[in-house]
Amino acid sequence: MAKIIVVTSGKGGVGKTTTAAAFSTALALRGYKTVVIDFDVGLRNLDLVMGCERRVVYDLINVINHEGNLNQALIKDKRVENLFILPASQTRNKDALTLEGVTSVIGELKERFDFIVCDSPAGIEHGAMMAMYFADEALIVTNPEVSSVRDSDRIIGMLASKTLRAERGDAPIKEHLLVTRYVPTRVSNGDMMSAEDVQEILAVPLLGVVPESPDILRASNSGVPITLDEKSEAGQAYQDAVARFLGENRPMRFLNVKKHFFSRWFGG
Amino acid sequence: MSGFLDYFKISRRSSAAVAKERLQIIVAHERGMLKGPEYLPMLQQELLAVVRKYVPILDEHIKISMDKDGEYEILELNISLPDVSTKNSHFRTP
């Protein structure tokens, strides 16, 4: 039986899709059979970030409406064994994402995969609710910035009340905080909240810190999940986060400024 | 140069510290609002209107909260009346 992970944030543009792509790729690289589902109906983008946009034939809504089956809709990643993508539909009809439909798709995927990663759309509308509804664990993607932190807190409230686990009274969804677009120099200048600050406000255990990096734009430009760029700090940060997620003990990296001796004196 | 300016920054509170404090306040407030049933804020407004017919009170003088005690839900209502011993003696409750 698969474990279901939702990647969520409330606010848009904080790195949900980047995280969903990076996380699922890292899980698959470790040998887990993983599927990543784009729940952003009408604004499909995971396919672009994963570099499989030209291979989309059937999508999630087609499967729900029985216009195609799951095998036809699942796109097998060409680089990483065990990795599959289920793209969102570009339809403007948001009602197409029915609870019954999602229930049956998730039910079928659960039998075949180790991990199901659900990439949530921004906001707190239907698509975001569907993405979190079946989750066992949640990655809360937050930028160290006021609006992102506040929206994450709203989402945390919903994970505790508007999901299947909450409705059934099962053990609550296990939450993990991922602070992204982190700039250690700004933190040390006092211009950016630290990961510790964000963690303290949200009261969710910190899974990892992903530094702001030009490599991320370069990776999405080329349709390569950042975890495949082994040289990039952001990619390494995601590898660390996945290792911690799987129970390994890895010290936090990229939290502090790499200080050169002279910079202390000359402010370089 | 920035190192030189940093020296003076110590006396000012950093913007990150301000952000953290503002967030802690708003998040605590919003969590409180979301905790109870949906009608709670409306009930609070209507109670406020009723009390105001007799006593001039401010918004913050009325506190309402919902707690769970075993099987029971307890609605706690706290209204602080202003000092009635002063000139508004006709507002005194029986």
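Criteria and thresholds
- Residue indices begin from 1 for each chain and proceed along its sequence in written order.
- Think of it this way: whatever chain is written first is A, whatever ligand is written first is 1, and the rest follow in order.
- Given that the model is predicted, a residue must reach a pLDDT of at least 70 before its local features are reported, and side-chain atom pairs must reach 80 or more before they are shown or counted; all residues, however, enter totals for whole chains, interfaces and linings.
- The basis for every side-chain value is the complete set of heavy atoms in the structure, and neither hydrogens nor water enter the calculation.
- Only DSSP runs of H or I covering at least 4 residues are called helices, and only runs of E covering at least 2 are called strands; the numbering of each starts at the N terminus.
- To sort residues, take the accessible area from a 1.4 Å probe on protein chains only and compare it with the maximum for the residue type: under 20% means buried, over 50% means exposed, and anything in between is partly exposed.
- The contact criterion used throughout is that any non-hydrogen atoms of two residues lie within 4.5 Å.
- Residue exposure ignores everything except the shown protein chains as possible cover, and the areas themselves are Shrake-Rupley values with a 1.4 Å probe.
- Put simply, buried Ala, Val, Leu, Ile, Met, Phe, Trp, Tyr and Cys residues joined by side-chain atoms within 4.5 Å make one nonpolar core.
- At least two DSSP bridges between two strands are needed for those strands to be called paired.

Colleague: Give a description of the overall build of chain B that names residues and reports values.
Modeller: Along its length, chain B carries three helices and two strands. Counting helices and strands in the order they occur from the N terminus, chain B gives α-α-α-β-β. Looking at chain B as a whole, 17% of its 94 residues qualify as buried. Sequence-distant contacts, at least 24 apart, represent 35% of the contacts inside chain B between residues at least 6 apart. Total accessible area on chain B stands at roughly 7,700 Å², and carbon and sulfur atoms take up 59% of it.

Colleague: Give a description of the nonpolar core that names residues and reports values.
Modeller: All names here are of chain A. Membership of the largest hydrophobic core comes to 56 residues, with the highest contact counts inside it found for Val35, Ile37, Phe39, Leu86, Leu97, Leu109 and Ile116. The contact partners of Ile37, leaving out residues within four places of it in the chain, are Leu46, Leu60, Leu86, Ile106, Leu109, Ile116, Val117, Cys118 and Asp119. Ala26, Phe115, Ala219 and Ile226 belong to the second-largest nonpolar core, a separate cluster that totals 36 residues.

Colleague: Before we move on, could you go through the pairing of strand β2 (residues 34-38) of chain A and cite the residues and values that matter?
Modeller: Residues and elements named next belong to chain A. Taking burial as the measure, the five residues of β2 include five buried ones, the bulk of the element. The alternating pattern of β2 places Thr34, Val36 and Asp38 and Val35 and Ile37 on opposite faces, both of which are buried. Taken together, the four bridges between β2 and strand β4 (residues 83-86) define a ladder with parallel strand orientation. Residue pairing for β4: Val36 is matched across the bridge by Ile85. Across five bridges, the pairing between β2 and strand β5 (residues 115-119) is parallel. Looking across to β5, one finds that Ile37 is bridged to Cys118.

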